[in-house]
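Given next are the chains, with one letter for each unit.
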Amino acid sequence: MKIRWKLMLLLLAISLVPMGILRVLDYQGLRQLGLDLGQGTRNKMVEKAGEQLELVAYDGGTLVRREVETLETVLKNQAFAVEQALASDKQQETPIYWCKDFDLVESNIPGLKTSSSHFLVDTQGKHVPLNITYEEQVNFVVKGVDENSVTNDITRLAQMPAHYRRLRSAHDDLIQWQYTALESGVHTSYPGHGGYPDDFDPRKREWYTQAITNNCLTWNEPIIDASTKQVVITISMPVHYPDGTIAGVTAIDVIVLDLMETMKVPTAWSADARTMFVQYETAPADSENQLVALAHLDPEAYQGYDWDKPIVLDHITSPDEEPFAAMLKDMQALKSGYRQMLYNGTESLWAYGPIGPQGSYLLVVVPLADVIATAVAAEQSINERISLQWMTSRIALFAVAFLVLILALCGSRAVTRPVAELASTADRLANGDFSARADVHSRDEIGQLGKTFNDMVPKLVDQMRMSKSLEVAKEVQQHLLPDCSPEIAGMDVCAQSVYCDETGGDYFDFIPSNTNPHQLGIAVGDVTGHGIAAALLMATSRAILRTRLRQGGELADIFNDVNQQLSADASGGRFMTMFYLLADADSRTLYWTNAGHDPAITYDLKPGSSEN
């Protein structure tokens, strides 16, 4: 890979890697901050919502308790008025209107008109306005009872519409029906209306039987009204004849939805909130305590029931045993509060407030998702902003990467161009173009390298010239040395010299005798140092030696003359050692002289007969 690309990758790594790491850490930090803010907001909203719901349940329970107390007072006055009417000898001269009169398409009953607050639930579950009159009551006799046998009871109860009207005047929005049913089979209801089934018998209704059994004012469980098919809660109370015997039961119907809609659940939660009246029931020792839903605000809870079919009450529970048990403990102590636990598989807030001392509670259940919807929306908004910022950061990172890539390419080119120029110049030099110079003018290390490179070229030329000269010198010196060994009868001669440099000061020579062909002169010398100087001194010594040997004489004289000439020519402390041997093959005699050289060694074939 070229330096340019390596440098570019290095610049990219130096610039982008730290930036990428910082962006990832920044993103993770923002995500964690968003989660912390979202969770903190959720916890705070759950706490505030729980307190608000608890206040709603407590205030709602207090309001219901007041309405209950008011209805109980109304019913007691109503029972007193019924007993007064039954004890009266006064016969009320007023028309008697029967149920069948109200069911006629055309009727002349006084004040009969369509009501805006009384409805009949048809078979499709729709609410159809009902025709009623506030001037009269309706009379109904149980099937099988002779109307003539109950004439006195009917005429005495005929004076009740005035009492009913007076008692309900302040609570007309809450009271649905006021009615009295006697043991004789007579049933009167106010305001007057139709719609009773033929087989209706009030004496078999739970509100009647419970009041008779308890012999006191009784709140009853929800039932389906026989005439309107709406869910009602009935409060009933027995009435007596003057002799103290039970004459029957008088009662008031309250529409469950009307009673529970007095509870004002915050609008943001009302769509999914579940409001209900519950009863805390203490179970026997071998069973668990129960929480029973007496009434629901949700009409769908009562679908599938008819007026003659008792409503099966729901048992409220939660798989979160610990908070549920804590709620039951609060209810047992008549405390209000709120808990977070599952309701029908949905995480919810349960708020509860007491209605009365009998363990009745107003319970409001709101899905937790509704409570924290704002926090979830805020968290989603934060996450969206973080995601947008992360996307923007990535785009910016890519843009920076592209910019850095361009800058890296340009920067690496600016750095590598002089290097490439140097490489190109070096290639030209390698091909023999010694006029090549590197065009590098930067003032950094690369520029210094270029200047040094350009200064090196002339020196390189000199070195090349010197190298060629050395080659020539080497060739010349090699020609000065014998290229082969002489062949003389009676002698075996062999010699070789290998220089460590191109030239050197090592010297050997074979000098045949001019007068005796059986004689051979052998010279061995060694000049101090290496190189050209040593080679020149060696060549000079060879020439002096050969010249002097041609003149003849004793070896001592010859070498004395040679030494004098060499001493005169040598400088700088250079010198040469030499050994010269004159071998005579005929006489088998050796003559030698040693001029500072290593002594000669003779070797005899006889074992151990070698000596210097």
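Everything numeric here is computed off the predicted structure, so don't read it as measured data.

Moving on to the overall build of the protein chain. When helices and strands are counted, the protein chain shows 13 helices and 19 strands. At a minimum sequence separation of 6, the contacts of the protein chain that also span at least 24 residues come to 60%. Entry remark: accessible area of the protein chain is about 34,100 Å², with carbon and sulfur atoms responsible for 54%.

Right, let's talk about helix α5 (residues 206-214) for a bit. Inspection of α5 places Trp207, Tyr208 and Ala211 among the buried residues, and these make up the whole buried set. Seen along its axis, α5 keeps its buried residues to an arc of 100 degrees; they face one direction. Phi turns positive one or two residues past the end of α5, at Asn215, with a value near 55 degrees.

Looking now at a negative patch on the surface. On the surface, Asp103, Asp198, Asp199, Asp306 and Asp308 cluster together into a patch of negative charge. Inspection of the secondary structure puts Asp199 in the loop between β5 (186-190) and α5. In this structure Asp199 comes out as exposed when scored by relative accessible area, which is 54%.

Here we come to the pattern of salt bridges. Inspection of every chain in the model, using the stated rule, returns five salt bridges. A salt bridge links Asp201 to Arg203, with the shortest nitrogen-to-oxygen separation between them at 3.1 Å. Judged by its relative accessible area of 11%, Asp201 is buried. Residues Asp561 and Arg548 are paired through a salt bridge, measuring 2.7 Å at the closest nitrogen-oxygen approach. With Asp561 in helix α13 (residues 555-569) and Arg548 in helix α12 (residues 531-551), this residue pair connects regions lying 13 residues apart in the sequence.

Grouped together as the largest cluster of nonpolar side chains are 31 residues, with contacts concentrated most on Tyr507, Leu545 and Tyr580. Those elements that provide at least two residues to this core are β16 (504-512), β17 (519-530), α12, α13 and β18 (576-584). Among residues more than four places away in sequence, those in contact with Tyr580 are Ile511, Gly521, Ile522, Ala523, Leu549, Leu555, Phe559, Tyr591, Trp592 and Thr593. Listed in part, the 21 residues of the second largest apolar core include Tyr97, Phe200, Ile311 and Ile355.

Here Ile544 lies in helix α12. Sequence separation between Ile544 and Asp561 is 17 residues; the distance between their C-alpha atoms is 9.0 Å. Discounting residues that sit within four places of it in the chain, Ile544 has contacts with Val562, Gln565, Leu566 and Asp569.

The next subject is the confidence of the model for the protein chain. Of all residues in the protein chain, 84% have pLDDT values of 70 or greater, and the mean over the chain is 80. Ranking the helices and strands of the protein chain by mean pLDDT puts β5 first, with 95, and helix α7 (residues 267-270) last, with 60.

Glancing now at the sheet that holds β17. Reading across the sheet, the four strands line up as β16-β17-β18-β19 and stay open at both edges, with antiparallel pairing between neighbours. Among the strands making up the open sheet, the edge pair consists of β16 and β19 (589-595). Neighbouring strand axes in the sheet, compared pairwise and without regard to direction, differ in orientation by 10 degrees on average. Pairing geometry for β17 and β18, over nine bridges, is antiparallel. Bridging from a neighbouring strand, Ile522 pairs with Leu581 of β18. Helix-sheet contacts for α12 involve β16, β17 and β18, and the interaxial angle to β16 is about 20 degrees.

Basis of the calculations
Residues numbered from 1 in each chain as written. Predicted model: local features only at pLDDT ≥ 70, side-chain atom pairs only at ≥ 80, totals over all residues. Heavy atoms only, no water. Helix = DSSP H or I, 4+ residues; strand = E, 2+ residues; numbered from the N terminus. Contact = heavy atoms within 4.5 Å. Areas by Shrake-Rupley, 256 points an atom, 1.4 Å probe, with all protein chains shown as cover. Buried < 20%, exposed > 50% of the residue type's maximum accessible area, 1.4 Å probe, protein only. Arc of directions from axis to C-beta. Patch = residues over 30% accessible without salt bridge, like charges linked within 9 Å, V, L, I, M, F, W, Y side chains within 5 Å. Salt bridge = Lys/Arg side-chain N within 4 Å of Asp/Glu carboxyl O. Lys, Arg positive; Asp, Glu negative; His and termini not counted. Charge placed at Lys NZ, Arg CZ, Asp CG, Glu CD. Core = buried A, V, L, I, M, F, W, Y, C linked by side-chain atoms within 4.5 Å. pLDDT = per-residue confidence, 0-100. Pairing = 2+ DSSP bridges. Axes fitted to C-alpha atoms, helices over the stretch in contact; angles between N-to-C directions.

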